[in-house]
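Next come the chains, spelled out residue by residue.
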Amino acid sequence: MKALLVDYGGVLTAEIESAYRSFSSAEGLAPETILRLLGEDEGALAEAHALETGELAEEEFERRFAGRLGVAPSGFLGRLAAALGRDDAMIAAVRRVRRAGVPTALVSNSWGLTMYDRDLLDDLFDAVVLSGELGVRKPDRRMFLLAAERLGVAPHGCVLVDDFPWNCAAAEELGMRAVLHRGAAETLAALERLLQLELRPG
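This paragraph deals with the nonpolar core. L12, F61, F65, F76, W111, F125 and L191 are the most contacted members of the largest nonpolar core, which has 54 residues in total. No other element matches helix α11 (residues 184-195), which puts 6 residues into this core. Once residues lying within four places of it in the same chain are set aside, the contact partners of L12 are V6, D7, G85, R86, D87, M90, I91, V94, L124 and F125.

Here is the structure:
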């Protein structure tokens, strides 16, 4: 494999559902509140998808979504980003991959641009493909094709790391290899085999 494509939320951060539970609890809500809202309220899910594709401005999303939750809208996305945190093992591994000369790209369905540390992205990635800037969201194949194009690598030379199986399936349909992320240890072992690099310290 010649290039690495990486998701953001749930791969370079804490597991998404756990982060939603932590955020809900910190906001004084029942831990399952956000998960239940996204699973049961079609309007809330549509708003999240509209934010991801850039159809809904961050401020308007915060007003609507926070209103559904009954929490303060100001700074909502920033607070949610803080709850996600970072997975230091995965971040360090991506940094090693890039420094070894393997092109890297971020491919992310973005809940606005607030969640991203741009200095970190500049350090880790040769290319950044965000749904909010492109106007489509994974699993749309255009996300993966654009990332490969920006890296100058054919799709069959790319490996994707993502925490959603449907995104992995879409990438594999293009000839990419996909690693379904369920934790740093398992993912790094798979990437070491695919990229022929030593990524785990020790």
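Right, picking up where we left off after that structure.
Here we take up the environment of R200. Mapped onto the secondary structure, R200 falls in the segment after α11. Setting aside its immediate chain neighbours within four residues, R200 contacts A185, L188, A189 and E192. A distance of 2.5 Å separates polar atoms of two side chains, one belonging to R200 and the other to E192.

The next thing to look at is the layout of surface pockets. The volume enclosed by the largest pocket comes to roughly 830 Å³. Taken together, 33 residues form the lining of the largest pocket, with I16, Y20, E52, D163 and F164 sitting closest to its centre. Only α1 (16-26), α2 (33-40), α3 (42-52), α5 (76-84) and α10 (165-173) provide two or more residues apiece to the lining of the largest pocket. For the lining of the largest pocket, the element with the highest residue contribution is α3, accounting for 4 residues.

Taken in spatial order, the 5 strands make up an open sheet running β3-β2-β1-β4-β5, and their pairing is parallel. The outermost strands of the open sheet, each flanked by one partner alone, are β3 (127-130) and β5 (177-180). Taking each pair of neighbouring strands and ignoring which way they run, the sheet shows an average axis angle of 20°. Note that strand β4 (residues 158-162) and β5 share 4 bridges and pair parallel. Paired with V159 across the two strands is R177, which belongs to β5.

Okay, the environment of G43 next. Topologically, G43 is positioned in helix α3. For G43, a relative accessible area of 29% gives the class partly exposed. Sequence-wise, G43 and F65 are 22 residues apart; in three dimensions their C-alpha atoms are separated by 9.5 Å.

Note on placement: T53 falls in the loop between α3 and α4 (58-69). Exposure remark for T53: the relative accessible area of 10% places this residue in the buried category. Engagement of the side chain of T53 in a polar contact is seen with the side chain of E55, the distance being 2.6 Å. Leave out the neighbours within four places in its chain, and T53 touches S131, G132, G135, V136 and R137.

Side chains that carry opposite charge are capable of pairing whenever their charged atoms lie near each other. According to the stated counting rule, one finds 18 salt bridges in the structure shown. Ionic pairing is found between D41 and R68, a salt bridge with its closest N-O pair at 2.9 Å. With D41 in the loop between α2 and α3 and R68 in helix α4, this residue pair connects regions lying 27 residues apart in the sequence. Classification of D41 by relative accessible area gives partly exposed; the value is 23%. Among the residues examined, R68 registers a relative accessible area of 36% and is labelled partly exposed. Connected through shared salt-bridge partners, D7, K138 and D162 make up one network.

Criteria and thresholds
- Residues numbered from 1 in each chain as written.
- Predicted model: local features only at pLDDT ≥ 70, side-chain atom pairs only at ≥ 80, totals over all residues.
- Heavy atoms only, no water.
- Core = buried A, V, L, I, M, F, W, Y, C linked by side-chain atoms within 4.5 Å.
- Buried < 20%, exposed > 50% of the residue type's maximum accessible area, 1.4 Å probe, protein only.
- Helix = DSSP H or I, 4+ residues; strand = E, 2+ residues; numbered from the N terminus.
- Contact = heavy atoms within 4.5 Å.
- Polar contact = N/O pair within 3.5 Å; in protein donor to acceptor, adjacent residues only side chain to side chain.
- 1 Å grid on protein atoms, 1.4 Å probe; cavity = no way out; pocket = protein on both sides within 12 Å on 5 of 7 lines; lining within 4 Å.
- Points joined across faces, edges and corners; volume = space filled by probe spheres on them.
- Pairing = 2+ DSSP bridges.
- Axes fitted to C-alpha atoms, helices over the stretch in contact; angles between N-to-C directions.
- Salt bridge = Lys/Arg side-chain N within 4 Å of Asp/Glu carboxyl O.

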